[in-house]
Amino acid sequence: ACTVLAGARFALLRRQFAEQRPAALERRQRVPEEKRLLIFLGGGANDEPLGRVAKALAGAKSKKLSAVTLVAGGARNAEIIAGQLRTALKLPVEVLVHVEDMASVMMRADLAIGAGGISSWERCALGLPSLLVALADNQREINRQLSIDRYVFSSVELEDLSQSEMHRFLDMDDDTYLTISGNASELCDGEGAGRVLEALLLG
């Protein structure tokens, strides 16, 4: 007899994602020639996965990036990794720690590399095209399905993240970019917490 509130429609996101969603979706309609990349692998991700992503990024040799933002999460050497990327890419690379307003950080980005979990629904709510890297067993099946259904560009195992896959992601054509952004934004609108609250109050 239980009411089940499951799926991306009920994802419990901070209010800032719903508030910034209209401006974010408007921004996504104009695909920039050079894009700002956000890398956030979750609060528990250490130096090893961040370093692997940075290595693939440095070797991808894409000319379609204007800047990179690293959200350190659990990585203690994020500044060192950022320095290596600056040298390799010849681009601005900033490091953020203890981010309180992730919606604003995602709003400024044009592409994202991330793990699974709640941040997947955050990116979807803002229509941010992403490449997913599975860092935990409970992420793999959801990541794979998001990729199959074209809510994200692709999903890979960390050890399988190649320079060629990174290049494909960074240099995706405009039609692919708009399709993935549109699909993602339809999957999650950021209003899940309100729906859950309404169900609790009316139930």
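Everything below is about the structure printed above this text.
Just so it is clear, the structure is predicted and the values come from calculations on it, not from any experiment.

Trainee: Teacher, can you tell me more about the overall build of the chain here?
Mentor: Within the chain one finds nine helices and six strands. For the chain, the C-alpha radius of gyration of 17 Å lies close to 17 Å, the compact-globule estimate for 203 residues. Structurally, the chain occupies a C-alpha span of about 55 × 35 × 30 Å along its principal axes. Relative to its full complement of 203 residues, the chain shows a buried share of 50%. Considering only contacts within the chain whose residues lie at least 6 apart along the sequence, 73% involve residues at least 24 apart. When the accessible surface of the chain is totalled, it reaches about 10,200 Å², and 51% of it is carbon and sulfur. In the chain, 24 positive and 27 negative side-chain charges are present, and the distance between their average locations comes to 3 Å.

Trainee: What exactly am I supposed to notice about the packing of helix α2 (residues 47-60) against helix α3 (residues 78-89) here?
Mentor: Axis angle and axis distance: for two packed helices, these are the angle between their axes and the distance between the axes, and together they describe the pair. At a closest axis distance of 10 Å, the pairing of α2 and α3 adopts a crossing angle of 5°. Overall, the two elements α2 and α3 adopt an arrangement that is roughly parallel. Mapping the contact onto sequence places D47, L50, G51, A54, L57 and A58 in α2 and A78, I81, L85, A88 and L89 in α3. Taken together, the residues of the contact of α2 with α3 break down into nine nonpolar, one polar and one charged.

Trainee: Any chance you could explain helix α5 (residues 118-125) here in plain terms?
Mentor: For an α-helix, 3.6 residues make a turn, and residues three or four places apart therefore share a direction. Among the eight residues of α5, seven are classified as buried, and the element is accordingly described as predominantly covered. Residues of α5 that are buried include every one of S119, S120, W121, E122, R123, C124 and A125, and no others. Of the residues one or two after α5, G127 is the one with positive phi, at around 60°.

Trainee: Please clarify how the pairing of strand β4 (residues 111-114) should be interpreted in this entry.
Mentor: Within a regular strand, the side chains alternate between the two sheet faces. Covered by surrounding structure in β4 are L111 and I113 together with A112 and G114, the residues of both alternating faces. Bridge count for strand β1 (residues 35-40) against β4 is four bridges, and the pairing is parallel. Note that in β4 the partner of L38 across the bridge is A112. Alignment of β4 against strand β5 (residues 130-134), held across three bridges, turns out to be parallel. Each bridged residue has a counterpart across the sheet, and for I113 the counterpart in β5 is L131.

Trainee: What's the story with helix α8 (residues 174-187) in this structure? I'm lost.
Mentor: Helix length check: α8, at 14 residues, gives a terminal C-alpha distance of 20 Å against a target of 20 Å (1.5 Å per residue), a fit within 8%. Against α1 (15-28), β1, β4 and α5 lie the buried residues of α8. Its side-chain oxygen at 3.1 Å from the backbone nitrogen of D175, D173 defines the N-terminal cap of α8.

What counts as what
Position labels on residues start from 1 in each chain and follow its written sequence. Residue-level local features of this predicted model are given only where pLDDT is at least 70; pairs of side-chain atoms are given and counted only at 80 or more, and the full residue set underlies all totals for whole chains, interfaces and linings. Side-chain metrics rest on all non-hydrogen atoms present in the structure, leaving aside hydrogens and water. Going along the chain from the N terminus, every DSSP run of H or I of four or more residues is numbered as a helix, and every run of E of two or more is numbered as a strand. Within these notes, the globule rule equals 2.2 Å times the number of residues to the 0.38 power, and the radius of gyration is based on C-alpha atoms. Exposure categories follow from relative accessible area, calculated using a 1.4 Å probe and restricted to protein chains: below 20% of the type maximum is buried, above 50% is exposed, and the middle band is partly exposed. Any two residues having at least one pair of non-hydrogen atoms within 4.5 Å are treated as being in contact. What sets the accessible areas is the Shrake-Rupley method with a 1.4 Å probe; for residues, cover comes only from the shown protein chains. The charged-residue count follows a simple rule in which Lys and Arg add positive charge and Asp and Glu add negative charge, with His and chain termini not counted at all. The atom standing in for a charge is NZ when the residue is Lys, CZ when it is Arg, CG when it is Asp and CD when it is Glu. Convention adopted: a line fitted to C-alpha atoms gives each axis, helices being fitted over their contacting stretch, and angles between N-to-C directions are expressed from 0 to 180 degrees. Here the word oblique covers every angle except those under 35 degrees (roughly parallel), over 145 (roughly antiparallel) and from 65 to 115 (roughly perpendicular). Gly is put with the polar residues, along with every residue not named as nonpolar or charged; the nonpolar set is Ala, Val, Leu, Ile, Met, Phe, Trp, Tyr, Cys and Pro, and the charged set is Asp, Glu, Lys and Arg. Note on pairing: DSSP must find at least two bridges between two strands before they are called paired. One less than the number of residues in a helix, times 1.5 Å, gives the span that helix is expected to have. Two N or O atoms count as a polar contact when they lie within 3.5 Å, although within protein this holds only if one can serve as hydrogen donor and the other as acceptor, and sequence-adjacent residues are included solely when both atoms are side-chain atoms.

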